[in-house]
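What the coordinates show
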Amino acid sequence: MRNLRKRENPDLQRSLFGEILDWMLAPLLFVWPISIAFTHYFANSVASFPYDQSLREHVAAISRQISFVDGRAQLALPGLAQSFLRSDEIDNVYFHLLDHGGQLIAGDPELPVPRKPEAFLNREHSEVHFRDDEYRGQALRIAYLYLFDASAPADLGVLIEVGETTEKRSQLANKIIASVILPQFVIIPLAVVLVWFGLSQGLRPLTRLRDRIEARREGDLSPIALRRVPEELRPLTEAFNSMLTRMQHNVAAQRRFIADAAHQMRTPLTGLKTQAQLAVRETDPAELRHALRQILMGADRASHLVDQLLSLARAEASGHSQQTLVALDLEHLLREVVETWVVHALEKCIDLGYEPAGTVFIQGNAFLLREMVNNLLDNALRYTPAGGRVTARVVAQGDFALLEIEDSGPGISDEESQKVFDRFYRVEGTDSEGSGLGLAIVREIAEVHQGAASLRPNTRKVREDEPPGCVARIVFPVYRLQPPPAAIAEPVRTGGFA
């Protein structure tokens, strides 16, 4: 009943103890009626055996008193013997003797005969058989025998039947059933109590594990020791420890983010405060305008830093939340983002190019991927001098898709190319303003998409005199179940390089 209520309302609180108890006792309640039925059947069989033997002896005693004279059977059974045959204080005993024609020779004329009289002519039936029948409204157990005259030319003989009512058999069967069933009314409740006690003791390790978890301090994320954990609870404990480890990483990342953000925000805010204090004291209009311009530039840097911090927080949160990725065209997304940077590239006199490669599908999050491309383009445009070039492309290589942002900036060494993906790291000797978070955000978003980010020197130069430059490359796994391909886009460039 408890299981039925829970299936009707799955929100009900479930008890592991109750579930185990139900599954242990339900089979017992199902098997008990079956055991009673088997007990009843075997009790009747056991009770019938001695009384059947007595009937068999009665039939054998009568058969010894039969003789054949000129093919006719004669019964030499005195009245005293018949009285002894019928002497029973509980049951009624009946008998009769019939010839091969069904004529009564002796005994009770209304006693029922076998339903297959043709067997009367078969010598193979010359042994005692038993059957159940009715006589005068009473259940009757009948033993019968076909006795043949060995000297007769044909299979002629007589039918001997002795019937007895079944009262003694029923009483004995009831006593056997009672002797088996009645102790069960004591044993089964005792078994239930013992099962309940055994389950209570067996679930104590689970209770101890619960107490150990409840006794922990709020900030304690250390793994639970597996030394005293039962084998059945070990997978659950290991999964819980794995969750604690992930929580430790999340908390450490949050603390690191807060510490980094506090440290990085302190510098621009201090600069803003200093510039504001200078502007308050300044009386020269030209110097005042210069101070206000410095305040505006500081506010822009602070705003950019806040945007980068928020982007990094979103990328980290997406990586830990295991959010669903959908199929999207990486080439189409890259083109859309590049078009939004055209005006900015023109303002800096940089040739921003885009090389189409056809439809390339990956599984990704469009918002995060746009954020990643924006950071790559922002980084490339910051470090590329006026008159330089920046080229964006998508390249399909087997099972992988390569997104590349190539620039003609000052380039980067192999050692620095690994460090620039760290938070707040900036290459020494660069004059370009930045927060040092752009490539860290790129790496976080690439990992969310099972990709890898790298920065390497540019090996393709358009002019011999241009700076070495570098290539930012993100490698994604290709999504194979592609929809119908879209039309290949035409090249889009903003400067003089085709």
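Look up: the structure comes first, before these words.
So, a few notes on the structure that sits alongside this text. In this text the structure is predicted, and so the values were computed from the model without any measurement.

**Brief notes about the overall build of the chain**
The helix and strand tally for the chain stands at twelve helices and 15 strands. Split into buried and exposed, the 498 residues of the chain put 36% on the buried side. A separation threshold of at least 6 residues defines the contact pool for the chain, and within that pool the share at least 24 residues apart is 66%. Element-wise, carbon and sulfur atoms account for 57% of the exposed surface of the chain, whose accessible area totals about 29800 Å².

**Brief notes about the side chain of glutamate 161**
For glutamate 161, the location among the structural elements is in strand S7 (residues 157–165). Assessed through its relative accessible area of 0%, glutamate 161 is described here as buried. Polar contacts involving the side chain of glutamate 161 include one to the side chain of histidine 96, which spans 2.7 Å. In terms of polar contacts, glutamate 161 uses its side chain to reach the side chain of arginine 131, at 2.6 Å. For glutamate 161, the residues in contact, after removing those within four places along its chain, are Tyr94, Phe95, His96, Leu111, Pro112, Val113, Pro114, Arg131, Ile142, Ala143 and Tyr144.

**Details of the nonpolar core**
Formed by 43 residues in total, the largest nonpolar core has its most connected members in Leu334, Met372, Leu376, Leu377, Leu403 and Ile405. Of all the elements in the fold, those that place two or more residues in this core are helix H8 (330–340), helix H9 (342–347), strand S9 (351–355), helix H10 (366–383), strand S11 (389–397), strand S12 (400–407), helix H12 (438–448) and strand S14 (470–477). No other element matches H10, which puts eight residues into this core. Leave out the neighbours within four places in its chain, and methionine 372 touches Leu403, Val442, Ile445, Ala446, Ile474 and Phe476. Counting 14 residues, the second-largest nonpolar core is a separate cluster that includes Leu55, Ala143, Leu145 and Val162.

**Describing the environment of glutamate 447**
Inspection of the secondary structure puts glutamate 447 in helix H12. Between the C-alpha atom of glutamate 447 and that of isoleucine 474, which follows or precedes it by 27 residues, the distance is 10.0 Å.

**Brief notes about unusual backbone geometry**
You will see that arginine 136, though not glycine, has its phi angle at about 55 degrees, which is positive. The topology assignment puts arginine 136 in the loop between strand S5 (129–135) and strand S6 (138–148).

**Details of the sheet that holds strand S3 (residues 93–99)**
Taken together, five strands build an open sheet; the order of strands is S4-S3-S7-S6-S5 and the sheet is antiparallel. One side of each edge strand has no neighbouring strand; the edge strands of this open sheet are strand S4 (104–107) and S5. Adjacent strand axes in the sheet meet at a mean angle of 25 degrees when their direction is disregarded. Bridging between S6 and S7 involves nine bridges; their strand directions are antiparallel. Note on S7: the bridge partner recorded for leucine 147 is valine 158. Contacts from helix H2 (residues 16–64) reach S3, S5, S6 and S7, with the element oriented near 145 degrees to S7.

Parameters at a glance
Residues numbered from 1 in each chain as written. Predicted model: local features only at pLDDT ≥ 70, side-chain atom pairs only at ≥ 80, totals over all residues. Heavy atoms only, no water. Helix = DSSP H or I, 4+ residues; strand = E, 2+ residues; numbered from the N terminus. Buried < 20%, exposed > 50% of the residue type's maximum accessible area, 1.4 Å probe, protein only. Contact = heavy atoms within 4.5 Å. Areas by Shrake-Rupley, 256 points an atom, 1.4 Å probe, with all protein chains shown as cover. Polar contact = N/O pair within 3.5 Å; in protein donor to acceptor, adjacent residues only side chain to side chain. Core = buried A, V, L, I, M, F, W, Y, C linked by side-chain atoms within 4.5 Å. Pairing = 2+ DSSP bridges. Axes fitted to C-alpha atoms, helices over the stretch in contact; angles between N-to-C directions.

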